[in-house]
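Structural features, examined
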Amino acid sequence: MDEDAGTCPHPSVECFNGGRYMAKRSSKVIITCAVTGAIHTPTQSGALPYKPEDIARQAIDAANAGAAILHLHARDPQTGAPTGNPEVFAQFLPLIHEATDAVINLTTGGSPEMTVEQRLAAALRFKPEMCSLNVGSMNFAFHPMGAKVEQWQFPWEKQYVANSEGFIFRNTFADVARIYSLMSDYGTRYEHECYDIGHLYNLAYFLDRGLVKPPLFIQSVIGILGGIGADPDNVLFMRRTADRLFGDDYVWSVLAAGRHQMPLTTQAAMLGGNVRVGLEDSLFIGRGKLASSNAEQVAKIRHILEELGLEIATPAEARERLALKGKDLVNL
């Protein structure tokens, strides 16, 4: 390193030329795979899993392809509509738990149409190692996705997508504090989903209040309509803001929506961060080409990162870095 480069403010990166970041070669990248989500609908891609056996199979295949963490939602097995029903989660979680060592990460975001109680039900029942936690309210719109669809597979899809123009994704300070409180006895840690700069400051508020403890796992969500835009400068802005607020007390990851998935997650890894891919975030594997599975996306980002000289973290390494309680201490 050039002697004039100075000392890096964050241990997972080396700084060069006034604050530009490059990942240390010793860092290992944690790949999260978000398997199905609650935004895309079955009409948009035949690869999107919604039946329990398909969610389980795709999750296991993604883990075998290199995902250390599996971020999981549930869907109605008959219609593919998002659901928070723990009985549906129970149809695929034990299969994944048995077949893979990957960290199971349950949503508490659910969908913007669910109540907080519906969103929390599965996490409270299964007491996972990790669950997602959205740390700020926002407009959350995806209605443009329906513009070119002429025929929908299920009746609910068209209205759900169209109605998103009016969605407010509620995550008030009271809601977030309540989730921290209700989960506090279970040893569950969080994938803090931050859709904009203000969400990082919200998280700093909860850290200052002692409601959450380091190491924080921060997922910068880039490119959702209503959140921070899909621009490389914004990825760096999110990183620098988190560095300033949290110093050494966090582990950083990035997901990017749609066509921005691979470029911006690759950028994040080169900045010393971790990555999230999966059909929840993007249905595509390349320009105009639908992905055939979650595993295909995991394999692609893994190949890109390994070509860049980065190593991929195992589930055991992810657990150590994120201070997770361990696979045997969940209610599965």
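Residues numbered from 1 in each chain as written. Predicted model: local features only at pLDDT ≥ 70, side-chain atom pairs only at ≥ 80, totals over all residues. Heavy atoms only, no water.

Quick look at the pattern of salt bridges now. All told, the structure shown has 13 salt bridges when counted by the stated rule. Residues Glu317 and Lys28 are paired through a salt bridge, measuring 2.8 Å at the closest nitrogen-oxygen approach. With Glu317 in helix α11 (residues 315-322) and Lys28 in strand β3 (residues 28-29), this pair connects stretches of sequence that are 289 residues apart. Of the residues examined, Glu317 reaches a relative accessible area of 24% and is grouped as partly exposed. Looking at Lys28, the relative accessible area reads 28%, which means it is partly exposed. Notably, a salt bridge pairs Arg276 with Glu193, separated by 3.0 Å at the nearest N-O pair. With Arg276 in strand β15 (residues 274-277) and Glu193 in strand β12 (residues 189-194), the pair connects residues that are 83 residues apart, well separated along the chain. (Salt bridge = Lys/Arg side-chain N within 4 Å of Asp/Glu carboxyl O. Helix = DSSP H or I, 4+ residues; strand = E, 2+ residues; numbered from the N terminus. Buried < 20%, exposed > 50% of the residue type's maximum accessible area, 1.4 Å probe, protein only.)

Assignment of secondary structure puts Leu70 in strand β5 (residues 69-72). Judged by its relative accessible area of 0%, Leu70 falls in the buried class. The spacing of Leu70 and Met130 is 60 residues in sequence and 9.7 Å in space, taken between C-alpha atoms. Those residues in contact with Leu70, other than ones at most four positions away along the chain, are Cys33, Ala59, Ala62, Ala63, Ile96, Thr100, Ala102, Val103, Ile104 and Asn105. (Contact = heavy atoms within 4.5 Å.)

Sheet architecture is closed into a barrel: eight strands sit in the order β4-β5-β8-β9-β12-β13-β14-β15, paired in parallel fashion. Strand-to-strand twist in this sheet, taken as the mean axis angle between neighbours without regard to direction, amounts to 25°. (Pairing = 2+ DSSP bridges. Axes fitted to C-alpha atoms, helices over the stretch in contact; angles between N-to-C directions.)

As enumerated under the stated definition, the model contains 15 aromatic pairs in all. Judged by centre distance (5.6 Å) and plane angle (90°), the rings of Phe140 and Phe169 are edge-to-face. Here Phe140 is found in the loop between β10 (138-139) and α5 (155-163), whereas its partner Phe169 is found in strand β11 (residues 168-169), with 29 residues between them in sequence. The residues Phe140 and Phe169 share a single accessibility class, namely buried. Members of the aromatic cluster, each reached through a chain of ring pairs, are Phe140, Phe142, Trp156, Tyr160, Phe167, Phe169 and Tyr195. For the cation-ring pair, Lys127 lies above Tyr186, with the distance from its terminal atom to the ring centre recorded as 4.7 Å. (Phe/Tyr/Trp six-rings, centres within 6.5 Å; stacked < 30°, edge-to-face > 60°. Lys NZ or Arg CZ within 6 Å of the ring centre and 35° of its normal.)

Right, let's talk about unusual backbone geometry for a bit. A cis amide bond links Pro214 to the next residue, Pro215, at an omega of 0°. The residue Pro215 is located in the loop between α7 (197-209) and β13 (216-222) in this model. The backbone of Ala323 sits at a positive phi, close to 55°, despite the residue not being glycine. Assignment of secondary structure puts Ala323 in the segment after α11. When its relative accessible area of 40% is taken as the criterion, Ala323 is described as partly exposed.

This paragraph deals with the confidence of the model for the protein. Here the protein averages 93 in pLDDT, and 92% of its residues register 70 or above. Across residues 1-26 the pLDDT falls below 50, and counting only partners more than four positions away or on other chains, this stretch makes 54 contacts in the model. (pLDDT = per-residue confidence, 0-100.)

What follows concerns the nonpolar core. Counting residues in hydrophobic clusters, the biggest one holds 36 residues, and the most contacted among them are Tyr180, Leu200, Leu216, Ile218, Ile222, Phe246 and Trp252. Counting residues in hydrophobic clusters, the runner-up holds 35 residues, among them Cys33, Ala65, Ala122 and Val298. (Core = buried A, V, L, I, M, F, W, Y, C linked by side-chain atoms within 4.5 Å.)

What follows concerns the packing of helix α9 (residues 261-270) against helix α10 (residues 294-307). A pair of packed helices can be characterised by two numbers: the angle between their axes and the separation between those axes. Across the interface, α9 lies against α10 with an axial gap of 11 Å and an inter-helix angle of 45°. Of the possible angle classes, the one that applies to α9 and α10 is oblique. The crossing of α9 and α10 is right-handed. Where α9 approaches α10, its residues Gln261, Met262, Thr265, Thr266 and Ala269 are matched on the opposing element by Gln297, Lys300, Ile301, Ile304 and Leu305. For the contact of α9 with α10, the per-class residue count stands at five nonpolar, four polar and one charged. (Parallel < 35°, antiparallel > 145°, perpendicular 65-115°, else oblique. Left-handed = near helix turned anticlockwise from the far one by under 90°. Nonpolar A, V, L, I, M, F, W, Y, C, P; charged D, E, K, R; others polar.)

By the element assignment, Asp281 lies in the loop between β15 and β16 (284-286). Overall, the relative accessible area of 8% leaves Asp281 in the buried class. Filtering out sequence-adjacent residues up to four positions away, Asp281 remains in contact with Ala34, His40, Leu255, Ala256, Ala257, Gly258, Gln261 and Arg276. A distance of 2.9 Å separates a polar atom in the side chain of Asp281 from a polar atom in the side chain of Arg276. (Polar contact = N/O pair within 3.5 Å; in protein donor to acceptor, adjacent residues only side chain to side chain.)

Another point: the side chain of Ser45. As for its position among the elements, Ser45 is in the loop between β4 (31-34) and α1 (52-65). Within the structure, Ser45 has its side chain in polar contact with the backbone nitrogen of Ala47 (distance 3.1 Å). Those residues in contact with Ser45, other than ones at most four positions away along the chain, are Leu283, Leu290 and Ala291.

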